[in-house]
Amino acid sequence: MAKFTDIIGQEQLKEHLQNALSTNKVSHAYIINGERSSGKEFVARVFAMALQCEKRGTEPCGECHSCKQALGNNQPDIIYVSHEKPNTIGVEDIRKQINGDIDIKPYSSPRKIYIMNEGEKMTVQAQNALLKTLEEPPEYAVLLILTTNVDAMLPTILSRCVVLNMKPVADAKVKKYLMEELGVPDYKANICVAFARGNIGKAKMLANSEEFEKVKEEAVTLVKYIKDMEINEIVKAIKKITEYKFDVNDYLDILSAWYRDILLFKATKDVNSLIFKEEIQQIMRVSDRSTYEGIENIVNALQQAKKRLDANVNFELTMELLLLTVKEN
């Protein structure tokens, strides 16, 4: 189903949109800003359905003709803006799909709604073209721009839109969702929650990803035995990382979580707040033989590795420097 009650967390955002529905004070343009996979598309879809719903409530009824069409992705007055080039939304995309279409009255609904994903990919020319429409939109038009980076928008666009930010969802809510809705076991839910950092879509993706499981196991195995590994074995392990279609930042996050656990256990001897509870024997051994300074050096090296990768420094070189620091400490 697609209802506001299905959106986990995001209480302020839901309240704002449902308030707009109940008072009929709907803005012509909204920017929904949040991380990738945070649920922006779902929010936009629910809001669009509610706006077009024949029952005119603060929730889409899911049963009227319009709602059924929207659920089947064929509501003629809910338009998804697409773009041919993967990394840019160009001026032609805007002219063809929005500017050239918006003056045509809605086909069967009170409003005409445009949903544009990846709004941060609009070129300056595309944004300027959109501005013309935002300055004098027809009464029935509503534009929903979804973006992962609101700073990529021109100030003139921002001043004409209501900006709504997706907030991280509380860990307890994410865990409850994974366990109750997806049947994820407790220990696995803890790990997914730790890496998702309040991003419900990412938590879901990690819970369903066999690759994440493999990468996690390999990362932990590597740090467990790195003390006794030769350089050529470390190089081999790095080569293996590159075979995965996995975001390398996630790999570094796994290593960071491992050393966070070691630091935490060393300081508190508390098992309950560990992410890798099932590895407690190994965590105890490593924390006993490590110094605070050594663990901090590793944590700093992990941060440094992230910065290098962001700056496009060679992956294998970055990982080699990182793992040598881990081995030394």
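Chains are numbered independently. Their residues run from 1 in the order of the written sequence. Whole-chain, interface and lining totals are the exception, using all residues; otherwise, since this is a predicted model, local features are given only for residues with pLDDT of at least 70 and side-chain atom pairs are given and counted only at 80 or more. Each side-chain value is worked out from all heavy atoms of the structure, with water and hydrogens disregarded.

For any pair of aromatic rings, geometry is given as the distance between the ring centres together with the angle between the planes. When two rings of Phe, Tyr or Trp (its six-membered ring) have centres within 6.5 Å they constitute a pair, described as stacked for plane angles under 30 degrees, edge-to-face for angles over 60, and tilted for the intermediate range. For the coordinates displayed, the defined rule picks out 3 aromatic pairs. Geometrically, the ring pair formed by Phe195 and Phe212 is edge-to-face, given 5.5 Å between the ring centres and 75 degrees between the ring planes. Placement of the pair is Phe195 in helix α8 (residues 186–196) and Phe212 in helix α10 (residues 210–225), with a sequence separation of 17 residues. Type-normalised accessible area, obtained with a 1.4 Å probe on protein chains alone, sets the label of each residue: buried when under 20%, exposed when over 50%, and partly exposed for intermediate values. In this structure Phe195 comes out as buried when scored by relative accessible area, which is 5%. We classify Phe212 as buried; its relative accessible area is 1%. Ring centres of Trp258 and Phe276 lie 5.6 Å apart, and the angle between their planes is 65 degrees; this geometry places the pair in the edge-to-face category. Here Trp258 is found in helix α12 (residues 248–268), whereas its partner Phe276 is found in the loop between α12 and α13 (280–289), with 18 residues between them in sequence. The two residues Trp258 and Phe276 agree in class, both being buried. Cation placement over rings: the criterion is NZ of Lys or CZ of Arg within 6 Å of the ring centroid and within 35° of the ring normal. When the ring centre of Tyr292 is taken as origin, the NZ or CZ atom of Lys266, which lies over that ring, is 5.4 Å away. Only DSSP runs of H or I with at least four residues qualify as helices, and only runs of E with at least two residues qualify as strands; both kinds are numbered from the N terminus onward.

A pair of strands is treated as paired once DSSP finds two or more bridges between them. Strands sit in the order β2-β3-β4-β1-β5 across an open sheet of 5 strands; the sheet is parallel. Only two strands of the sheet have a single neighbouring strand rather than two, namely β2 (78–81) and β5 (162–165). Taken over all neighbouring pairs, the strand axes of this sheet differ in orientation by 20 degrees on average, direction set aside. Those strands touched by helix α4 (residues 91–99) are β2, β3 (112–116) and β4 (141–147), and its axis lies near 155 degrees from that of β3. Between N-to-C directions, angles span 0 to 180 degrees; the directions come from axes that are lines fitted to C-alpha atoms, helices contributing only their stretch in contact. Should any heavy atoms of two residues lie within 4.5 Å, those residues are counted as being in contact.

Within soluble globular proteins, side chains that are nonpolar tend to cluster in buried spots. One finds Leu178, Tyr259, Phe276 and Leu322 to be the most contacted residues of the largest nonpolar core, which totals 54 residues. Among the elements that line this core, the one with the most residues is α12, at 9 residues. Excluding its chain neighbours within four sequence positions, the residues that come into contact with Phe276 are Ile191, Phe195, Lys216, Val220, Ile254, Ala257, Trp258, Asp261 and Ile283. To define a nonpolar core, start from buried Ala, Val, Leu, Ile, Met, Phe, Trp, Tyr and Cys residues and group those joined through side-chain atoms within 4.5 Å.

Turning to α4, a few remarks are in order. Residues Asp93, Ile94, Gln97 and Ile98 constitute the buried set of α4. For α4, the arc enclosing every buried residue in end-on projection is 100 degrees, short of the 170-degree limit, so these residues lie on one face. The inward-facing, buried residues of α4 abut β2, β3, α5 (124–135) and β4. When we speak of the arc, we mean the arc of directions from the helix axis to the C-beta atoms.

Turning to the pairing of β3, a few remarks are in order. Extensive coverage of β3 is indicated by the burial of 5 of its 5 residues. Every second residue of β3 is oriented toward a common face, with Lys112, Tyr114 and Met116 on one face and Ile113 and Ile115 on the other, all of them buried. For β2 and β3, the ladder comprises 4 bridges, and the chain directions are parallel. Of the residues in β3, the one forming a bridge with Tyr80 is Ile115. Orient the strands so they point away from the viewer; a crossover is then right-handed if the path from the first strand over the helix to the second runs clockwise. One crossover worth recording links β2 to the parallel β3 by way of α4, and it is right-handed.

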